Structures are given as C-alpha cells and as structure tokens.
2 protein chains.
Amino acid sequence: MTSSDTPDQAPDAPAERTGIAAQDWATAAADPQYRAAVVDLLGALAYGELAAFERLAEDAKLAPTLADKAELAKMASAEFHHFERLRDRLTEIGAEPTEAMDPFVAALDGFHRQTAPSDWLEGLVKAYVGDSIASDFYREVAARLDSDTRELVLAVLDDTGHAGFAVEKVRAAIDADPRVGGRLALWARRLMGEALSQSQRVVADRDALSTMLVGGVADGFDLAEVGRMFTRITEAHTKRMAALGLAA
Amino acid sequence: MTSSDTPDQAPDAPAERTGIAAQDWATAAADPQYRAAVVDLLGALAYGELAAFERLAEDAKLAPTLADKAELAKMASAEFHHFERLRDRLTEIGAEPTEAMDPFVAALDGFHRQTAPSDWLEGLVKAYVGDSIASDFYREVAARLDSDTRELVLAVLDDTGHAGFAVEKVRAAIDADPRVGGRLALWARRLMGEALSQSQRVVADRDALSTMLVGGVADGFDLAEVGRMFTRITEAHTKRMAALGLAA
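Residues numbered from 1 in each chain as written. Chains lettered and ligands numbered in written order. Predicted model: local features only at pLDDT ≥ 70, side-chain atom pairs only at ≥ 80, totals over all residues. Heavy atoms only, no water.

Caption draft 1: Representation of the overall build of chain A in the model. Across its full length, chain A holds 10 helices and 0 strands. Relative to its 248 residues, chain A shows a buried fraction of 54%. Considering only residue pairs separated by 6 or more positions, chain A has 82% of its internal contacts joining residues 24 or more positions apart. (Helix = DSSP H or I, 4+ residues; strand = E, 2+ residues; numbered from the N terminus. Buried < 20%, exposed > 50% of the residue type's maximum accessible area, 1.4 Å probe, protein only. Contact = heavy atoms within 4.5 Å.)

Written out as structure tokens, the structure is:
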C-alpha cells in the first residue's frame with residue numbers, strides 16, 4: 001500500500017484526539033462492538049495484503065525486463081510482511097485470522113477477477129490506483145481507532161515503493177505513445193467503479209464495521225462525515241490521475 | 001530451497017578443504033575463469049530463486065485454504081529474500097545481475113512451462129522435488145567454492161520450510177486416496193526428466209560453468225566425480241520419493 005498523495009484533510013493530528021482515539025486497545029476493546037469492528041477491519045486489511053501479494057506476483061510475470069520483475073517481486077514480498085503483522089495481531093487479540101479474513105475474500109477476489117489487467121501498464125495502474133484508494137481509506141479510519149490499532153494500521157500502509165515506480169513507468173509509456181493515456185484513463189475509471197461497488201457490498205454485509213464507520217461506536221463518524229471522506233478520497237484520486245497524465 | 005535429505009556423501013567437511021575451497025573470494029577471483037564461473041553460478045541461482053518466487057506465488061492461488069495460501073506466500077517471500085542476497089552479491093563483485101541471470105532465463109522458464117502443475121498436489125510435489133534437487137546440486141558445488149561464495153550459497157539454500165509442509169500435505173492426500181500416489185509418482189518422474197534435460201542444455205551452453213564442474217578450475221571435480229555426484233543426487237531423490245509414499 002502506498003502512502004503518497006493522501007487526502008489533504010486526513011484528520012490524524014495527535015493533538016486533536018478524543019474518545020476512542022485517545023484510548024489504547026485494552027481500554028477500547030472493553031466494548032464488544034468496537035472489538036468486533038476492529039477484528040473486521042484487520043481481517044479485511046490482512047486479506048487485502050495477501051491478495052495484493054498475489055496480484056503483484058502475478059503482474060511480475062508481465063514485466064518487460066528482469067529488473068522490473070525483481071521490483072514487483074520486492075513489493076509483493078513487502079505486502080506479504082504486512083499481512084504477517086496483521087495476522088499476528090489478530091492472533092494476539094484472540095481472533096482467528098482465517099475467520100476474520102473470510103468475510104472479505106469474496107469481495108476482494110471479485111474485485112481482482114473483474115479487473116484482471118491485460119498488460120503490464122494496466123497492472124501498474126491498477127496497483128497504484130487500488131493501493132492509493134485503500135491507503136486513503138484506512139488512513140481516514142485509522143485516525144478514529146484506539147492508539148495500538150492505529151499504530152499498526154499506519155505501519156502496514158507504509159509505502160512499499162510502488163507509487164513512485166508505477167508513476168515513472170506509466171508516464172514514460174504515455175510520453176512514448178500518447179494514445180496509451182486514453183486507454184489507461186478509461187481503465188482507471190473502470191477500476192474506481194468496481195472498487196466502489198465491492199466496497200458497498202462489504203459495508204452492506206458487515207454490521208460491526210459499518211456501524212463503526214457511520215458513528216455509534218468509534219467517535220466522530222456520522223453519515224455526513226462519511227460523505228466528506230469519500231469526497232476527499234475521490235479528489236485525491238483525481239489528483240493522482242492528473243499526476244499520471246490521465247484524465248480521471 | 002530446502003536443506004533436508006541432502007545426499008549422504010556431500011563433501012563439505014571443513015577439515016578437508018584444499019585449493020580454491022581453502023581460499024577466500026579475493027584470492028580465488030584472481031583467476032578470471034574462476035570468477036566467470038562464479039558469476040554464472042550466482043546468476044543461475046539468483047534467477048532460480050526469482051522463478052521459485054513466481055512459481056510459489058502462482059501455486060498459492062491453487063491453495064485449498066487461506067492458511068495454505070499464507071504458507072505458500074511465506075515461502076515465496078523467503079525465496080525473494082534469497083534472490084536479493086544473490087543479486088546484491090553479484091553487484092558487490094562488480095557483475096551486472098541482469099546480465100548474469102540472462103543466460104539461465106530460457107532454461108528455467110522452459111522447465112517451468114513444461115511442468116506447469118495442474119493442481120495443488122502437483123504444485124507441492126514439484127516445489128519439493130525441484131527445490132531438493134537444486135539444493136543437492138548447489139550443496140555439492142558449494143564444497144568446491146571459495147569460502148565467501150560457499151557461505152552465501154549455503155545460506156540461500158536454507159530451508160524455507162517447504163519440504164516439511166509438502167511432505168505432510170502429500171502424505172495426507174495419499175492416505176485419503178491411494179490412487180493419488182500413482183499419479184504423483186508419474187508426475188515426479190516427469191519432473192526429474194525435464195530437470196535433467198534443461199540442466200544439460202545449460203551445461204552445454206555455459207563454458208565457464210561446465211569447465212568448473214568437470215575440473216580444470218575448481219579442484220576435485222573430474223568427470224568421474226560428476227558421475228558420482230549425479231548418482232548421489234538421484235539416490236537422494238529416490239529416498240525422498242519413498243518418504244513421500246511414491247515410487248521414484
């Protein structure tokens with residue numbers, strides 16, 4: 001997952017923390033609904049990392065050079081290590097990692113199946129767009145989590161180097177043949193649409209997670225705030241596409 | 001790569017070291033033919049690890065459970081870290097990693113293309129058989145290398161945990177349905193045949209490497225010794241197949 005180009009307004013300044021965001025895990029987890037929401041969140045993130053590992057390893061096969069292949073394998077391996085940290089944390093808080101991940105397998109596998117890249121550049125754009133949106137989303141959520149969970153979530157969102165690599169390769173390809181830009185812009189729009197439709201599916205299915213997102217459990221999230229969050233994420237996406245040389 | 005079940009006679013007892021095996025890299029590399037042979041060897045091993053990463057990541061998709069998938073992803077990631085060490089070493093001794101790997105891409109890709117597993121069990125047997133044979137071979141060669149190169153080669157042959165995992169899963173499948181054993185025994189024979197034919201192709205193509213293997217550069221390897229080495233490797237393979245419950 002990448003850390004660059006996060007939304008401007010991500011409210012994670014430590015000084016402002018109140019409620020759950022000011023508590024540690026031991027205190028916050030006393031509320032069983034909060035605990036269930038965090039298990040959901042870590043399960044979704046863990047399977048996301050495992051799926052990202054598979055996707056990057058798969059994309060490595062499309063790499064035009066051995067150096068590109070090694071670069072993608074490196075990122076895949078970094079995603080795997082993030083997965084390990086999340087899985088270990090689930091175990092540590094007494095959750096069964098496989099059970100925590102299971103509810104998110106269908107949506108994430110569905111997303112990847114619907115958006116299988118047909119070439120190297122589509123793979124790079126997908127990894128970049130997908131990781132960036134996921135990273136923006138988790139960063140927004142992280143600001144409302146207890147301090148221990150927040151620290152872990154932010155750590156596994158650490159840039160695996162993919163963003164810079166993808167931007168450089170895609171820009172070079174568009175410079176070499178401007179028609180590539182039109183095709184990839186369409187592709188990025190399709191990715192965003194599919195990501196939104198799978199997210200809605202997850203939110204509709206997972207009560208604890210959605211309750212946390214729309215307020216009630218973690219503080220500060222109400223429906224209006226969720227709307228603003230999606231606006232921030234969409235704006236950040238538009239900026240990233242422009243940086244890539246693509247119209248969003 | 002796995003370290004279990006190495007041939008009984010692998011001559012790597014430090015007390016017996018003479019000639020190049022008693023030298024460090026700085027001394028041994030003064031001979032340009034030895035240097036070229038080591039660059040070949042590290043290049044072959046590096047691409048082997050990168051290809052193993054891709055193969056294991058690919059096999060992870062066939063995994064019947066999330067826990068199996070995570071296990072394979074872990075091994076893939078371990079192979080990638082071995083690749084990194086070999087690539088860094090190539091750079092350190094002034095070789096261009098991509099150039100060093102290039103001569104071995106066709107043979108290794110050819111092997112993997114000719115032996116694409118059709119299911120999870122075939123994938124496990126392939127990883128186990130392939131890694132074990134490669135590991136036996138490199139361990140034999142390592143005993144004739146300068147001390148610095150030997151240490152690196154032995155380190156990247158460290159067990160990634162695949163052997164134990166594969167043996168356990170394959171034995172359980174044969175216990176559950178003995179007919180599976182017949183099919184997998186045929187498969188293992190096909191793998192061994194394909195591995196030998198691709199190795200011959202590499203040896204025929206790479207002068208420096210073959211010269212080292214059949215004596216002339218590194219000490220102690222003559223044609224009779226190469227024959228004995230292949231006997232040891234084949235015997236170890238037969239033992240491993242028996243341990244798996246397969247006739248070799």
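Caption draft 2: Seen up close, the interface of chain A and chain B. Across the boundary between the two partners, chain A contributes 25 residues, which contact 25 residues of chain B. For the pairing of chain A and chain B, the buried interface totals around 1900 Å² over both sides, and the portion due to carbon and sulfur atoms is 70%. A per-residue breakdown of the area chain A buries against chain B is headed by A:Phe53, A:Glu54 and A:Leu66, which together make up 29% of the total. At the boundary of chain A and chain B, one finds 4 salt bridges. We note a salt bridge from B:Glu54 to A:Lys69, for which the minimum N-O separation is 3.1 Å. Joining chain A to chain B, the criterion identifies 10 residue pairs in polar contact (both at pLDDT 80 or more). Elements represented by at least two residues in the side of chain A that touches chain B include exactly helix H2 (32–60), helix H3 (66–92) and helix H4 (97–114) of chain A. Looking at the side of chain A that touches chain B, the element that brings in the most residues is H3(A), giving 13 residues. (Buried area = accessible area lost by both parts, 1.4 Å probe. Salt bridge = Lys/Arg side-chain N within 4 Å of Asp/Glu carboxyl O. Polar contact = N/O pair within 3.5 Å; in protein donor to acceptor, adjacent residues only side chain to side chain.)

Caption draft 3: Here's a closer look at helix H3 (residues 66–92) of chain B. Counted at 1.5 Å a residue, the expected span for H3(B) with its 27 residues is 39 Å, and the 39 Å between its end C-alpha atoms agrees. In the segment just after H3(B), B:Gly94 is the residue with positive phi, at about 85 degrees. (Expected span 1.5 Å × (residues − 1).)

Caption draft 4: Just the environment of B:His112, in detail. Residues and elements named next belong to chain B. Here His 112 is to be found in helix H4 (residues 97–114). Assessed through its relative accessible area of 19%, His 112 is described here as buried. Considering only alpha carbons, one finds His 112 and Gly 164, 52 residues apart in sequence, at a separation of 22 Å. When near neighbours in sequence (up to four residues on either side) are disregarded, His 112 contacts Ala 51, Arg 55 and Lys 126.

Caption draft 5: Main features of the packing of aromatic side chains. Residues and elements named next belong to chain A. For the coordinates displayed, the defined rule picks out 11 aromatic pairs over all chains. With a centroid separation of 5.3 Å and 70 degrees between ring planes, the pair formed by Phe 137 and Tyr 138 is classed as edge-to-face. Overall, the relative accessible area of 23% leaves Phe 137 in the partly exposed class. The exposure class assigned to Tyr 138 is buried, which follows from its relative accessible area of 10%. (Phe/Tyr/Trp six-rings, centres within 6.5 Å; stacked < 30°, edge-to-face > 60°.)

Caption draft 6: Here's a closer look at the relation of the copies chain A and chain B. Screw-axis analysis of chain A against chain B gives a translation of 0.0 Å along the axis, an RMSD of 0.0 Å, and a rotation angle of 180 degrees. Look at the turn and shift together and you get a two-fold axis relating the two. Across chain A, the rotation axis passes nearest the C-alpha of A:Ser77, at a separation of 2.5 Å. By residue overlap, the copies meet face to face through one surface: 100% of the interface positions of chain A are interface positions in chain B. (Least-squares fit on C-alpha atoms with pLDDT ≥ 70 in both.)

Caption draft 7: Representation of the packing of helix H5 (residues 120–142) of chain A against helix H6 (residues 147–156) of chain A in the model. Residues and elements named next belong to chain A. Here H5 crosses H6 at 160 degrees, and the two axes come no closer than 9 Å. If you check the angle between H5 and H6, you find them roughly antiparallel. The handedness of the crossing between H5 and H6 comes out as left-handed. From H5, Tyr 138, Arg 139 and Ala 142 reach across to H6, where they touch Arg 150, Val 153 and Leu 154. For the contact of H5 with H6, the per-class residue count stands at 4 nonpolar, no polar and 2 charged. (Axes fitted to C-alpha atoms, helices over the stretch in contact; angles between N-to-C directions. Parallel < 35°, antiparallel > 145°, perpendicular 65-115°, else oblique. Left-handed = near helix turned anticlockwise from the far one by under 90°. Nonpolar A, V, L, I, M, F, W, Y, C, P; charged D, E, K, R; others polar.)

Caption draft 8: The pattern of salt bridges, seen in detail. Using the criterion set out here, one finds 26 salt bridges over all chains in the structure. Close ionic contact of A:Glu58 with B:Lys61 constitutes a salt bridge, the shortest N to O distance being 2.3 Å. Residue A:Glu58 is found in helix H2, and its partner B:Lys61 is found in the loop between helix H2 (32–60) and H3; the two belong to separate chains. Owing to a relative accessible area of 29%, A:Glu58 belongs among the partly exposed residues under this scheme. Bridged by salt links that share partners, the residues A:Glu58, A:Lys61, B:Glu58 and B:Lys61 form one connected network.

Caption draft 9: Geometry of the packing of H2(A) against H5(A). All names here are of chain A. The geometry of H2 relative to H5 is characterised by a closest axis approach of 11 Å and an angle of 165 degrees between their N-to-C directions. Taken together, H2 and H5 sit at an angle that is classed as roughly antiparallel. Along this stretch, H2 crosses H5, giving a crossing that reads as left-handed. Facing H2, whose interface residues are Leu 41, Ala 44, Leu 45, Arg 55, Leu 56 and Asp 59, H5 presents Trp 120, Gly 123, Lys 126, Ala 127, Asp 131, Tyr 138 and Val 141. Here the contact of H2 with H5 is built from residues that sort into 8 nonpolar, 1 polar and 4 charged.

Caption draft 10: Expanded view of the side chain of B:Asp40. As for its placement among the helices and strands, B:Asp40 is situated in helix H2. Sequence-distant contacts of B:Asp40, defined by excluding residues within four places in its chain, comprise B:Phe104, B:Arg206, B:Ala208 and B:Leu209.

Caption draft 11: Geometry of helix H6 (residues 147–156) of chain B. Residues and elements named next belong to chain B. Burial in H6 covers these residues: Thr 149, Arg 150, Leu 152, Val 153 and Val 156. Along the axis of H6, the buried positions cluster into a sector of 165 degrees, meaning they face one direction only. Turning to H6, the residues buried within the fold contact helix H1 (25–28), H2, H3 and helix H5 (120–142). Structurally, the start of H6 carries an N-cap: the backbone nitrogen of Asp 148 is 3.2 Å from a side-chain oxygen of Asp 146. (Arc of directions from axis to C-beta.)

Caption draft 12: Looking closely at the confidence of the model for chain A. Residue and element names in this part refer to chain A. Here chain A averages 83 in pLDDT, while 87% of its residues score no lower than 70. Here helix H9 (residues 207–213) stands out as the element of chain A with the lowest mean pLDDT, 70, in contrast to H3, whose mean of 94 is the highest. Counting contacts from residues 1–12, a segment whose pLDDT is below 50, to residues more than four positions away or on other chains yields 43 contacts. Scored as a whole, the predicted complex attains pTM 0.81, and scored at its interfaces, ipTM 0.75. (pLDDT = per-residue confidence, 0-100.)

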